[in-house]
Amino acid sequence: MALAQQDAAVVKEQARLAWVALTLTPGMGPTRIWKAMNRLGAAERVLEASLTELEGAGMPAQSAQFVFEGKAKAAAEDELKRVGEAGGSILTPEDEAYPERLREIYDPPSTLWIRGDLSLLARPGIAVVGTRQPSPYGAGMAELLSRDLANRRMVILSGMARGVDTAAHKGAIEAGGKTVAVWGTGIDVIYPKENKKLAEQIVATGGTIVSEYPLGTFPAPQNFPIRNRILSGMSVGVLVIEAAEYSGTRITARCAMEQNRDVYAVPGNVTNKNAWGPNTLIKQGAKLTATWEDIWEDLPSQIRLALEDEQAAAGGGSESKPGGAASLFNDTPLPEHERIVFEKLRHDESTQLDELIEQLEAELGSAEIFTALFELELAGRVRQLPGKNYVRAF
């Protein structure tokens, strides 16, 4: 029995090596790799096959030669060693932890490079995507909705790009929830560089970083649209928050539709060019989303019930606003001078301090305005942006 288990472990390790070897072989993408594996019958056969067999499995001549000469195997062994030393791990379709939802898509990745908790990849999650240059409203909604959904045990998936992605990850972390970042680079190449601290936070708080690219892969423009199918593929739905007419977000939404995933969209101000994406998706059938309930009520009942059971076992979640429902509105009465200032501010557009003072000069002195802004910031109702610009917080 022990010998049989040992043999099975050897076969499994050879299969893992074969998947990684083909992934590192020039000229072999996910679709070709899956076809070759299916034709050869078993992954472990790849490293023992003749040149004729490899070409017969649909591999280009140059790729088959690379594998037959042992170069692919050597590259895979080196990669596995380096990943282990870097504290990462590798998943192939031979592994039980490989996400089942990814197996369902047309061209699932042949190998996944991972940093963090593998188990998150199987949990129900929402992909939150949008522009790299959101308005204060877009960034605020991304953070608010991610925070509320993470509070309810949903995993928040995004691409860790600037803008909406960053806000989504931060919202999940702020809620004490879990988040998964799908990168278009190697798991050792942080992009953008200013998100180094965020990447560390994701892993430190029990989240996961995922990539289908080997260590050392630097950001190339074509990598990011390709990785979007993984974002949508691993999720139960995709939430779009602000996206221009021609953007990577549109690719993710299209992938979601092709993969039979639900698409949600936060409506935007029609005068904002980044409202084109979500508003058009809503016209095409995406669910209009204003609060976490809009997504929650739409989840398959078995997923929703399982998450509710988990939440109950963990002692329940909290709303974005302590003591009240998650909402764009807060009805707690404000002192008069704070109310006057607050009513001049908006969620979707910042107001500069000098402009605010000018607007209110007939009602409040500058000292009263400074005090009101200070108190509103402390209460979390107002946020200061660079250049002494102010917006309502979410």
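Coordinates for the structure precede this section.
Residues numbered from 1 in each chain as written. Predicted model: local features only at pLDDT ≥ 70, side-chain atom pairs only at ≥ 80, totals over all residues. Heavy atoms only, no water.

This next bit is on the overall build of the protein. The secondary structure content of the protein amounts to 17 helices and 12 strands. Judged by the C-alpha coordinates and their principal axes, the protein covers about 85 × 40 × 40 Å. Burial status across the protein gives 49% buried among its 394 residues. Of the contacts formed within the protein by residues at least 6 apart in sequence, a portion of 69% connects residues at least 24 apart. In the protein, the 41 positive side-chain charges and the 52 negative ones have mean positions that sit 4 Å from each other. (Helix = DSSP H or I, 4+ residues; strand = E, 2+ residues; numbered from the N terminus. Buried < 20%, exposed > 50% of the residue type's maximum accessible area, 1.4 Å probe, protein only. Contact = heavy atoms within 4.5 Å. Lys, Arg positive; Asp, Glu negative; His and termini not counted. Charge placed at Lys NZ, Arg CZ, Asp CG, Glu CD.)

Taken together, the side chains of Asp-354, Glu-355, Glu-358 and Glu-361 make up a negatively charged region of the molecular surface. Note on placement: Asp-354 falls in helix α16 (residues 353-359). (Patch = residues over 30% accessible without salt bridge, like charges linked within 9 Å, V, L, I, M, F, W, Y side chains within 5 Å. Areas by Shrake-Rupley, 256 points an atom, 1.4 Å probe, with all protein chains shown as cover. Salt bridge = Lys/Arg side-chain N within 4 Å of Asp/Glu carboxyl O.)

This part takes up the packing of aromatic side chains. Each aromatic ring pair is specified by the distance between its two centres and by the angle formed by the two planes. Taken as a whole, this structure holds 3 aromatic pairs when the rule is applied. Taking 5.6 Å as the distance between ring centres and 40 degrees as the angle between the ring planes, the aromatic pair formed by Tyr-191 and Phe-224 counts as tilted. Residue Tyr-191 is found in the loop between β5 (179-182) and α9 (196-204), and its partner Phe-224 is found in helix α10 (residues 223-234); the two are separated by 33 residues along the sequence. On the basis of relative accessibility, which here comes to 34%, the residue Tyr-191 falls in the partly exposed class. Residue Phe-224 is classed as buried on the basis of its relative accessible area of 14%. Taking 6.1 Å as the distance between ring centres and 75 degrees as the angle between the ring planes, the aromatic pair formed by Trp-292 and Trp-296 counts as edge-to-face. Of this pair, Trp-292 and Trp-296 are both found in helix α13 (residues 292-296), 4 residues apart, which corresponds to roughly one turn of the helix. Comparing Trp-292 with Trp-296 shows no difference in burial state: the two are buried. Over the ring of Trp-292 we find Arg-152; its NZ or CZ atom is 3.6 Å from the centre of that ring. (Phe/Tyr/Trp six-rings, centres within 6.5 Å; stacked < 30°, edge-to-face > 60°. Lys NZ or Arg CZ within 6 Å of the ring centre and 35° of its normal.)

Moving on, we come to empty space enclosed by the protein. Tallying each qualifying case throughout the model produces 2 cavities of 30 Å³ or more. Of the pockets and cavities examined, the largest cavity occupies roughly 60 Å³. Taken together, Arg-132, Gly-159, Ala-161, Trp-183, Gly-184, Thr-185, Tyr-191, Phe-224 and Arg-227 make up the full set of residues lining the largest cavity. Here the lining of the largest cavity is composed, by residue class, of 4 nonpolar, 3 polar and 2 charged. If you add up the space inside the second largest cavity, you get close to 30 Å³. Considering the residues around the second largest cavity, the lining is formed by Leu-120, Leu-121, Arg-123, Val-155, Leu-157, Val-180 and Met-234. Across the lining of the second largest cavity, the residue classes tally to 6 nonpolar, no polar and 1 charged. (1 Å grid on protein atoms, 1.4 Å probe; cavity = no way out; pocket = protein on both sides within 12 Å on 5 of 7 lines; lining within 4 Å. Points joined across faces, edges and corners; volume = space filled by probe spheres on them. Nonpolar A, V, L, I, M, F, W, Y, C, P; charged D, E, K, R; others polar.)

Keep in mind these values describe shape, not function.
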